[in-house]
Amino acid sequence: MSTVRPLGAVVLAAGLGTRMRSTRAKVLHELAGRPLVRYPLAAVADLDPDRVALVVGHQADAVRAASAEAGLRDLRIVLQPEQRGTGHAVACAAADFADFTGDVLIVYGDVPLLRPATLRALVDSHRADGADLTLVTLAFADPRGYGRIVRGPDGNVVGIVEERDASPAERAITEINPGLYAVRSEVLFRLVEALRPNNAQGELYLTDVVGLAARGGLRVHTVQAGRPEELAGINTRAELAGMEAILKGEHVERWMAAGVTFEDPATAYVGPDVTIGPDTVVGPNVQLRGRTRIGSGCRLDGTAYLVDTVVGDRVHFLLGCVADGAEIGDEVRIGPFAHLRPGTRLAARVHVGNFVETKKAALGAGTKANHLSYLGDCEIGPDSNIGAGTITCNYDGFHKHRTTIGARVFIGSDTQLVAPVTVADDAYVGSGTTVTRDVPAGALAVSRVPQRAIPGWSARFRARAAGTAAAPPPVKSAPRSAPAAPRARKRRAVASRARARRRR
Ligand code: UD1
Ligand code: CA
């Protein structure tokens with residue numbers, strides 16, 4: 001019976017990433033909406049290792065937070081207080097592996113497209129060969145920026161030389177170090193202790209471990225695994241953008257293969273955690289982000305921004321919609337120019353039209369709010385009609401209050417619902433009403449100033465206004481106006497007597 005040695009991993013994510021020219025640590029920069037550090041951790045998690053150390057330094061707390069969702073069994077966060085090189089970073093994890101005997105994978109945090117299959121090939125080869133140290137190597141047409149693999153006359157690896165320290169002959173080597181190693185724990189932490197900073201950067205290079213092991217007579221093996229674009233590290237913003245384009249293309253292609261039409265794939269953005277049902281048509285400039293899920297047979301006409309939004313089947317988004325944290329039932333029609341904010345729940349066949357904003361709003365099946373409305377902190381039953389310009393006045397400057405509207409309610413245009421307030425089933429609210437008290441089922445609520453019509457008013461007003469316009473401008477200190485009317489004079493006398501009483 002063969003006993004499988006425990007598997008450990010060290011992921012290096014302490015560097016600032018000087019070449020990014022950023023105040024943000026490199027591994028916190030986002031690729032397809034996720035921080036870079038999440039990618040190698042996810043690849044490592046796929047192998048279900050027994051123990052993982054994540055070495056953090058710059059913005060340690062944020063990097064730690066970004067790694068929380070990786071789903072690793074035993075994740076230890078190790079602080080590298082000063083970035084003295086990749087070898088030093090591994091040495092910082094020694095204490096966490098003091099009681100661990102097994103094989104340790106070392107992965108750099110800036111290699112986001114790394115696949116679990118490549119890591120598995122590395123571990124399998126390492127174990128099958130009974131090696132002390134195994135590293136992945138591959139040929140890059142353009143090896144610039146990478147450590148070069150130096151081999152002896154017998155073809156065995158004798159070491160890795162960093163580009164800065166390489167001779168012209170060594171620079172011509174195209175076999176590069178992508179930075180993936182499997183090392184027996186018994187030798188790894190002994191070797192990193194022996195590193196010296198004898199190089200152009202004055203750092204402790206993990207890559208020097210390879211030369212130390214080879215010179216010490218240890219079994220150093222290499223394995224060819226992975227593809228060049230998969231193992232490319234990100235050091236600059238241009239490389240980040242290049243990788244973003246690769247990933248974006250891959251995501252869109254994946255959904256096209258699954259039966260989704262993209263009218264303009266180049267302008268579509270589909271995040272890694274998004275799902276889209278077949279026969280959905282995605283127009284130009286559509287961004288689907290976060291945990292958005294789109295059903296089948298939907299249509300997004302274009303220029304939409306959907307985040308963490310769940311959409312049913314046969315839903316139609318007209319041009320220019322934003323949805324964040326919304327739940328949308330089947331056959332709903334939204335837009336053009338609608339804004340669905342968190343907590344929006346639209347049941348089947350709801351219509352939300354142009355310039356409608358919803359927030360924490362539940363609309364029952366078949367309900368329509370087609371024009372110019374704000375619906376916040378409200379619940380609306382099925383088959384109700386919300387007229388143009390309806391506003392739920394949910395905020396009194398201190399607290400939010402709820403509006404409840406029943407089934408088959410008709411809210412006339414230009415209605416304000418001053419929450420908390422309830423409009424029961426089958427009620428009618430007349431246009432222009434300010435609803436301040438609950439409306440019973442089946443009732444009509446109407447609050448209006450009675451309309452007056454004053455005959456001939458326009459003509460008189462125009463004549464007066466024209467006369468004023470022709471008159472000379474008023475002088476600064478106008479003479480006192482004519483004596484006050486008797487009633488006003490009486491009011492003033494009463495007020496002055498009251499003041500005199502108060503003084504006494
Ligand atoms: C490294 C390798 C190089 C290889 C390349 C592959 C070394 C010395 N060189 O170079 O041979 O071809 O990766 O992409 O290892 N980090 C720390 N602490 C430190 C320094 C770095 O945690 O003190 C982390 C960084 O956050 C980064 C990773 O290690 O995630 C790699 O560091 P980076 O500076 O990008 O190394 P490269 O110069 O790319
Ligand atoms: Ca790098």
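All values reported here derive from a predicted model rather than from experimental measurement.

Caption draft 1: Broad picture of the coordination of the calcium ion (ligand 2). Protein ligation of the calcium ion (ligand 2) involves Asp110 (OD) and Asn235 (OD1), the donor distances falling in the range 2.3 to 2.6 Å. With Asp110 in the loop between β6 (103-108) and α4 (116-129) and Asn235 in the loop between α8 (228-231) and α9 (237-257), the pair connects residues that are 125 residues apart, well separated along the chain.

Caption draft 2: Local environment of the site of ligand 1. Close contacts around ligand 1 come from 23 residues, with Gln80, Thr86, Tyr108, Glu162 and Asn177 the closest. Within the contact set of ligand 1, an oxygen atom lies 2.9 Å away from a backbone nitrogen or oxygen of Ala14. Between an oxygen atom of ligand 1 and a main-chain N or O atom of Asn177, the distance comes to 2.6 Å. A total of 760 Å² of accessible area belongs to ligand 1 in isolation, and the protein chains cover 91% of it. Listing elements by their share of the shell around ligand 1, those giving two or more residues are β1 (7-13) and α3 (86-92). For the shell around ligand 1, the class distribution of residues is 8 nonpolar, 10 polar and 5 charged.

Caption draft 3: Layout of the side chain of Gln80. Mapped onto the elements of the fold, Gln80 is located in the loop between β5 (75-79) and α3. Separated by 3.3 Å, the side chain of Gln80 and the backbone oxygen of Gly85 make a polar contact. Once residues lying within four places of it in the same chain are set aside, the contact partners of Gln80 are Ala14, Val55, Val56, Gly57, Gly85, His88, Ala89 and Cys92.

Caption draft 4: Main features of a nonpolar patch on the surface. Judged by side-chain polarity, Leu319, Phe337, Phe355 and Leu372 come together as a nonpolar surface patch covering roughly 400 Å² of accessible area. Here Phe355 is to be found in strand β28 (residues 351-363).

Caption draft 5: Quick peek at helix α2 (residues 60-67). By the burial criterion, the buried members of α2 are Ala60, Val63, Ala66 and Ser67. The arc that holds the buried residues of α2, viewed along the axis, is 130°, so those residues lie on one side. Away from the buried face of α2 by more than 90 degrees, exposed residues Asp61 and Ala65 are located.

Caption draft 6: Broad picture of the layout of surface pockets. Its volume calculated, the largest pocket comes out at about 1,400 Å³. In this structure, the largest pocket is lined by 46 residues; those nearest its centre are Arg19, Lys26, Thr86, Asp110 and Asn235. The set of elements that each furnish at least two residues to the lining of the largest pocket consists of β1, α3, α8 and α9. When residues in the lining of the largest pocket are grouped by element, the largest group, 4 residues, is from α9. Along the lines of polarity and charge, the residues of the lining of the largest pocket split into 17 nonpolar, 18 polar and 11 charged. Within this model, the second largest pocket holds a volume of roughly 450 Å³.

Caption draft 7: Broad picture of the pattern of salt bridges. Within this structure, the stated rule accounts for 28 salt bridges. Arg76 is paired through a salt bridge with Asp74; the nearest N and O atoms lie 3.1 Å apart. By relative accessible area, which is 25% here, Arg76 ends up partly exposed. Of the charged contacts in the structure, one is a salt bridge between Arg408 and Asp426, with a shortest N-O distance of 2.8 Å. Remark: Asp426 occurs in the loop between β35 (421-423) and β36 (428-429) and Arg408 occurs in the loop between β32 (403-405) and β33 (410-411); sequence separation between them is 18 residues. Through salt bridges with shared partners, a single network forms among Arg5, Asp103, Arg127, Asp132, Arg184, Glu186 and Arg219.

Caption draft 8: Summary view of the pairing of β28. Sheet topology note: the strand β25 (residues 333-334)/β28 ladder contains 2 bridges and is parallel. Opposite Arg333, over in β28, you have His351 as the bridge partner. For strand β26 (residues 339-340) and β28, the ladder comprises 2 bridges, and the chain directions are parallel. Within β28, the residue paired with His339 across the bridge is Glu357. With 10 bridges connecting them, β28 and strand β29 (residues 368-380) associate as parallel partners. Bridge assignment links Glu357 to a residue of β29, and that residue is Tyr374.

Each value, and the rule that gives it
- Residues numbered from 1 in each chain as written.
- Chains lettered and ligands numbered in written order.
- Predicted model: local features only at pLDDT ≥ 70, side-chain atom pairs only at ≥ 80, totals over all residues.
- Heavy atoms only, no water.
- Donors = N, O, S within 2.8 Å, 3.2 Å for Na, K, Ca; no water.
- Helix = DSSP H or I, 4+ residues; strand = E, 2+ residues; numbered from the N terminus.
- Near = heavy atom within 4 Å.
- Polar contact = N/O pair within 3.5 Å; in protein donor to acceptor, adjacent residues only side chain to side chain.
- Areas by Shrake-Rupley, 256 points an atom, 1.4 Å probe, with all protein chains shown as cover.
- Nonpolar A, V, L, I, M, F, W, Y, C, P; charged D, E, K, R; others polar.
- Contact = heavy atoms within 4.5 Å.
- Patch = residues over 30% accessible without salt bridge, like charges linked within 9 Å, V, L, I, M, F, W, Y side chains within 5 Å.
- Salt bridge = Lys/Arg side-chain N within 4 Å of Asp/Glu carboxyl O.
- Buried < 20%, exposed > 50% of the residue type's maximum accessible area, 1.4 Å probe, protein only.
- Arc of directions from axis to C-beta.
- 1 Å grid on protein atoms, 1.4 Å probe; cavity = no way out; pocket = protein on both sides within 12 Å on 5 of 7 lines; lining within 4 Å.
- Points joined across faces, edges and corners; volume = space filled by probe spheres on them.
- Pairing = 2+ DSSP bridges.

Taken by themselves, the reported measurements are silent on function.
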